[in-house]
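# Inside the fold
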Amino acid sequence: MKSVVQGQLVHLTEMRDGDAEWLQDTQWEPGLLRNLSADALHPWTAAEYTELAADPDSDDKFFFMVRANADDGLLGWVILDEIQLKNRRAELGIALPVASDRGQGYGVDALNTVLSFAFNELGLHKVTLDVNANNQAALRAYAAVGFVREGINREAVYQDGQWFDLYQFGILAKEWWTVSRGTIPDENTAADN
């Protein structure tokens, strides 16, 4: 049986000892805070990261650490949040904080891995996200896995004395299947792949 959280380059895990401290330290990596689509109201502590990942009363999110298959090294995190079971959708967030880890294919593989989990294991129909219009690397990664721009929140992001748009993206399960596998499976075999 194929692991549901194993990609070609990365795998998704729970938060482990030392991960929260790593997240606390890497939040200062160049470009990370600037590319968040929401305000970073204050620097996060390791305890706050631990609380985010381990909320036992939450049934509306999955928080995963992203690790390299080659050495189990920590690369970042990905979250499916605001999961709506009735509407079968969720919001996605992802970060690879260390600049040298970007551009290596880890982000696209992490996206494909979490989308496989969302569509094949959770049975979701749609995943959405927001992204700053000036975050070109993220826009390329989202396009590579099949996300479609659905809306524009005009001049919603303020950086360096300039206003930038905030894009809303979405992907349907059938769109992801078409891009990632070249085919759309019928409902009876989707979870087997």
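See the structure above.
What you see is a predicted model, and the numbers here were worked out from it, not measured in a lab.

## Focus: the pattern of salt bridges
Taken as a whole, this structure holds 4 salt bridges when the rule is applied. One salt bridge in this structure joins Glu 14 and Arg 16, with 3.0 Å as the shortest N-O distance. By relative accessible area, which is 47% here, Glu 14 ends up partly exposed. The residue Arg 16 makes a salt bridge to Asp 72 at a minimum N-O spacing of 2.7 Å. Taken together, the residues span a long stretch of sequence, with Arg 16 in the loop between strand 1 (10-13) and helix 1 (19-26) and Asp 72 in the loop between strand 2 (62-68) and strand 3 (74-84) at a distance of 56 residues. Of the residues examined, Asp 72 reaches a relative accessible area of 32% and is grouped as partly exposed.

## A few points about the nonpolar core
Leu 80, Leu 92, Leu 115, Val 127 and Phe 147 are the most contacted members of the largest nonpolar core, which totals 37 residues. With 7 residues, the top contributor of residues to this core is helix 3 (residues 106-121). By size, the runner-up hydrophobic cluster in this structure holds 11 residues, among which are Leu 23, Leu 32, Phe 63 and Ile 79.

## Thoughts on the pairing of strand 5 (residues 126-132)
The element strand 5 is extensively covered by neighbouring structure, given that 5 of its 7 residues are classed as buried. Where strand 4 (residues 89-95) and strand 5 come together, 3 bridges link them in parallel fashion. Bridge assignment links Glu 91 to a residue of strand 5, and that residue is Thr 128. Examined bridge by bridge, strand 5 and strand 7 (residues 162-172) share 7 bridges and lie antiparallel to one another. What sits directly across from Lys 126, in strand 7, is Leu 172.

Procedures and definitions
- Residues numbered from 1 in each chain as written.
- Predicted model: local features only at pLDDT ≥ 70, side-chain atom pairs only at ≥ 80, totals over all residues.
- Heavy atoms only, no water.
- Salt bridge = Lys/Arg side-chain N within 4 Å of Asp/Glu carboxyl O.
- Buried < 20%, exposed > 50% of the residue type's maximum accessible area, 1.4 Å probe, protein only.
- Helix = DSSP H or I, 4+ residues; strand = E, 2+ residues; numbered from the N terminus.
- Core = buried A, V, L, I, M, F, W, Y, C linked by side-chain atoms within 4.5 Å.
- Pairing = 2+ DSSP bridges.

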